[in-house]
There are 2 protein chains.
Amino acid sequence: MSTEKIPYKIYLEEQEMPKAWYNLRADMKNKPAPLLNPGTHQPMKAEELAGVFCDELIRQELDDTTAYFDIPEDIRNFYKMYRPSPLVRAYCLEEKLGTPAKIYYKFEGNNTSGSHKLNSAIAQAYYAKKQGLKGVTTETGAGQWGTALSMACSYFGLDCKVYMVKCSYEQKPFRREVMRTYGASVTPSPSMETEVGRKILAEHPGTTGSLGCAISEAVEKALHSEGYRYVLGSVLNQVLLHQSVIGLESKIAMDKYGIKPDIIIGCAGGGSNLGGLIAPFMGEQLRGEADYRFIAVEPASCPSFTRGVFAYDFCDTGMVCPLAKMYTLGSGFIPSANHAGGLRYHGMSSVLSQLYADGQMEAVSVKQTEVFEAAEYFARVEGILPAPESSHAIRVAIDEALRCKETGEGKTILFGLTGTGYFDMVAYEKFHDGVMSDYIPTDEELEKARIGLPKID
Amino acid sequence: MSTEKIPYKIYLEEQEMPKAWYNLRADMKNKPAPLLNPGTHQPMKAEELAGVFCDELIRQELDDTTAYFDIPEDIRNFYKMYRPSPLVRAYCLEEKLGTPAKIYYKFEGNNTSGSHKLNSAIAQAYYAKKQGLKGVTTETGAGQWGTALSMACSYFGLDCKVYMVKCSYEQKPFRREVMRTYGASVTPSPSMETEVGRKILAEHPGTTGSLGCAISEAVEKALHSEGYRYVLGSVLNQVLLHQSVIGLESKIAMDKYGIKPDIIIGCAGGGSNLGGLIAPFMGEQLRGEADYRFIAVEPASCPSFTRGVFAYDFCDTGMVCPLAKMYTLGSGFIPSANHAGGLRYHGMSSVLSQLYADGQMEAVSVKQTEVFEAAEYFARVEGILPAPESSHAIRVAIDEALRCKETGEGKTILFGLTGTGYFDMVAYEKFHDGVMSDYIPTDEELEKARIGLPKID
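Attention here is on the structure that accompanies the text. It should be emphasised that the depicted structure is a prediction, and the values quoted were computed from it without experimental measurement.

A word on the overall build of chain A. Within chain A one finds 18 helices and 15 strands. Taking 23 Å as the expected radius of gyration for a compact globule of 457 residues, we find that chain A reaches 20 Å, a close match to that expectation. For chain A, the spread of C-alpha atoms along the three principal axes comes to 60 × 50 × 45 Å. Burial analysis of chain A (457 residues in total) assigns 67% to the buried set. The contacts in chain A between residues at least 6 apart in sequence include a share of 77% that link residues at least 24 apart. Roughly 15,100 Å² of accessible area belongs to chain A as shown, and the carbon and sulfur atoms make up 50% of that amount. Within chain A, the 57 negative side-chain charges are centred at a point lying 2 Å from the centre of the 47 positive side-chain charges.

Before going further, it helps to examine unusual backbone geometry. Following A:Arg83, the chain continues into A:Pro84 via a peptide bond in cis, with omega recorded as -5°. With respect to the helices, strands and loops of the structure, A:Pro84 is situated in the loop between helix H3 (73-82) and strand E4 (87-89). Between A:Ser189 and the following residue, A:Pro190, the backbone shows a cis peptide bond with an omega angle of 5°. Relative to the helices and strands, A:Pro190 resides in the loop between strand E8 (185-189) and helix H9 (195-203). Phi angles above zero are rare outside glycine, and B:His41 is one such case at about 65°. Tracing the chain through its elements places B:His41 in the loop between strand E2 (20-22) and helix H1 (46-49). On the basis of relative accessible area, B:His41 is assigned to the partly exposed category, the value being 27%. Located in the positive-phi region is B:Val235, a residue other than glycine, with phi close to 65°. Summarising the element assignment, B:Val235 is placed in the loop between strand E9 (228-230) and helix H11 (237-256).

Let us look at the pattern of salt bridges. Across all of its chains, the model carries 47 salt bridges over all chains by this definition. The closest approach of N and O atoms between A:Glu108 and A:Arg83, which form a salt bridge, is 2.7 Å. With A:Glu108 in the loop between strand E5 (102-107) and helix H5 (118-130) and A:Arg83 in the loop between H3 and E4, this pair connects stretches of sequence that are 25 residues apart. Relative accessible area serves as the criterion here: at 3%, A:Glu108 is assigned to the buried category. Among the residues examined, A:Arg83 registers a relative accessible area of 1% and is labelled buried. Look at the salt bridges and you will find they share partners, linking A:Arg176, A:Glu177, A:Arg180, B:Glu429 and B:Asp433 into a network.

Turning our attention to the layout of surface pockets. It is the rolling of a water-molecule-sized probe over the atoms that shows where space remains empty. The calculated volume of the largest pocket comes to roughly 570 Å³. Looking at the largest pocket, it is lined by 30 residues, and the ones nearest its centre are A:Tyr11, A:Leu12, A:Glu13, B:Tyr11 and B:Glu13. Partitioned by chemical class, the residues of the lining of the largest pocket number 14 nonpolar, one polar and 15 charged.

A few words now on the packing of helix H6 (residues 144-156) of chain A against helix H8 (residues 173-181) of chain A. Residue and element names in this part refer to chain A. Remark: H6 packs on H8, axes separated minimally by 8 Å, with the N-to-C direction vectors making an angle of 15°. Taken as axis vectors, H6 and H8 run roughly parallel relative to one another. Here H6 and H8 pass one another in a crossing that is left-handed. Of H8, the residues touching H6 (which contributes Gln144, Gly146, Thr147 and Ser150) are Arg175, Val178 and Met179. Of the residues in the contact of H6 with H8, the class split is two nonpolar, four polar and one charged.

Turning next to the interface of chain B and chain A. Across the boundary between the two partners, chain B contributes 43 residues, which contact 43 residues of chain A. Each partner contributes to the roughly 4,100 Å² buried at the junction of chain B and chain A, and carbon and sulfur atoms together form 56% of this total. Taken together, the links from chain B to chain A amount to four salt bridges. We note a salt bridge from B:Arg176 to A:Glu429, for which the minimum N-O separation is 3.1 Å. Where chain B touches chain A, the interface holds 20 residue pairs in polar contact (both at pLDDT 80 or more).

Conventions adopted
- Residues numbered from 1 in each chain as written.
- Chains lettered and ligands numbered in written order.
- Predicted model: local features only at pLDDT ≥ 70, side-chain atom pairs only at ≥ 80, totals over all residues.
- Heavy atoms only, no water.
- Helix = DSSP H or I, 4+ residues; strand = E, 2+ residues; numbered from the N terminus.
- Rg over C-alpha atoms; globule rule 2.2 N^0.38 Å.
- Buried < 20%, exposed > 50% of the residue type's maximum accessible area, 1.4 Å probe, protein only.
- Contact = heavy atoms within 4.5 Å.
- Areas by Shrake-Rupley, 256 points an atom, 1.4 Å probe, with all protein chains shown as cover.
- Lys, Arg positive; Asp, Glu negative; His and termini not counted.
- Charge placed at Lys NZ, Arg CZ, Asp CG, Glu CD.
- Salt bridge = Lys/Arg side-chain N within 4 Å of Asp/Glu carboxyl O.
- 1 Å grid on protein atoms, 1.4 Å probe; cavity = no way out; pocket = protein on both sides within 12 Å on 5 of 7 lines; lining within 4 Å.
- Points joined across faces, edges and corners; volume = space filled by probe spheres on them.
- Nonpolar A, V, L, I, M, F, W, Y, C, P; charged D, E, K, R; others polar.
- Axes fitted to C-alpha atoms, helices over the stretch in contact; angles between N-to-C directions.
- Parallel < 35°, antiparallel > 145°, perpendicular 65-115°, else oblique.
- Left-handed = near helix turned anticlockwise from the far one by under 90°.
- Buried area = accessible area lost by both parts, 1.4 Å probe.
- Polar contact = N/O pair within 3.5 Å; in protein donor to acceptor, adjacent residues only side chain to side chain.

On their own, these measurements won't tell you what the molecule is for.
Here you go:
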């Protein structure tokens, strides 16, 4: 344990950066349930997935026993352009709150995609290129994943076709332009370009779209385009694997200074950030080497963990994808148009769902205006304008720190600051103008959204 | 000299960060000419400036002999939140260009203001607070300075009133919202709020504004508001002093690895970044300890160095400020509305003007579309979407690296990457859509703009 004063920001040296991703599933006794074929309800085989995903990514997706996957050198070199990301000690926030808690955050926003999404985008683009593909299709909600993938594809010379959830497309006009800078094409979803898009538009003409719907379009496009595969920025096991770099770097940095977190907090949409941040810590806990309090934070307007059911469901609105067992609100669930930013997915990573079902972590939901209050507070004190998604974690980190102030406990809190809010100023404007609402789905609405859940024996 | 492989990014340790700013004027044999009282044409005295500027900043402004000014601890702590900024080795750019040149850039964009401007903003806000003031007024062009000052004022609990050049206000709607997040009020300039604004609007009803005009409004507002002073983000000696932190950090990082730049390149609007970046290197050159090639890069649409005259001029359109001796296009000069981003100022730092007049550095002007070509190229290769201002330096760095490719020389190039372009997507969009023009002022237009130059004996 180091006795040095802990600096404001801990940057690992290049040679300290992780050389392998950690596969949390290897340490899970209750493995996440397998993907099922939507027709036969049998576990999906690699060859059935090969039309949709890249071969190497399928291998990563299905492997729940190998603990470490080497990070290829090309990806490690790309990581060196924008990583290591800093582990920040929030001295100013602690002082402003007057809390005895020690607050740390892993800041993933210092790259042009504005978030952690680039960690998996570059990996997925790499494997697509290695397989000799022409390009990839994807969906994007808040736009961070689409931007990240555009950057990654541009780097490897791959074509990139993005279906962007319509309300984000309209709320974030400049995201499209960033993706265009990186040579991607961007289509608001639902669109008239795909069969599933046309069907959804016919049934719900005024829809502002959803991630589930954009996924269906991107998958359909990949299946019907020679030399293309579909890639996804969250939910999947492979994505959590790549995102483990967040947690691994955090743990190396903390170990270096002898810091042990008591509470680890991450926002949860599909689970890519949370799953990546907690991975090595949860691994320790599963192996009985340590005990942490993990908190998943989700929006009250899209509360998969806290108000969903743990069941097999479709991953997309069009029901073209395999079935996954997860906490879900039903694949037809579409959050209120008033909901800003990402974390709009109806389901949740199977890995995290299993851990939550096993009592290995907690989940809370927070209201939108509380989230933006925390965001503005944090921006003023710590000098970083956070993404709405990240601000869910900030909200709960502040709440926990204030609880420490009441009890006098000097707990160590680590949270994931996934990205910046530079493209979310329309949402900030609504907040400033007092026109942001806290719409929360009613029990009746949630019940209705669950009607379409598939029946699995 | 270290024999380690040079990493992609060099971050100084906290204890290696500069503890004092370097005042380049102390090493200049030909000192920059003093500010003159516009009425008497006599050098401005501290007491004459006291109504406009903070006392401590006046002391820094007028002192051309003290080589180092200690950085107060509060400012050093704030610096630790977003500094040190990385010195990046552009391995990917070098490889893509196929150049034997070694390219480094000092990246100042990893903070919410999106640029180096925060380095001086926090210093100026600190001294205003220390003096017990209520608030400050300022102007902003591209919006980076206004954002930086908003952040700094929010940190110290000062009121912040920003006059934003109208065309930027309209091109960058979300910049206003960021400033609002930090509690600042933002007014498009020219406005009806000030006498000088009303006068300019009456004379030029359709004007898109200029920095010179926004400065006049901000100064007038400060003079007429109890407990307020005016602060400026560039041009002034004090600003170059604060910005020396850029060059000092760069030099410490380079010395650590035994790197000696041959060419140092910076974009130049008012000179804050260029003056800060080159400061310690130019100091060595002036003391005869080293020899560098310094290149100032300015937009062809606002070419103060390359087509201006070296003369006393007004710093603002309304002629309420002191006279400064500088390379100037005339205080009435307003760049074409088509010109994107900052670097719109009619004049140039007196320090840099004197150095240029003495042959200590070179200057080149570049056209806007060439700048955006370099910006997009850089974004794709190095993964950072640069600000239009910064991209002027990228353009010339790439040109110099390509020259090395022709000659086979492995020169070491250092350039300043002042910030990110996340709020400049309207300009990028114009570039992508092919509707960005390269308007360059004619000789007649420049001659006309010089008519108002004051006659000084």
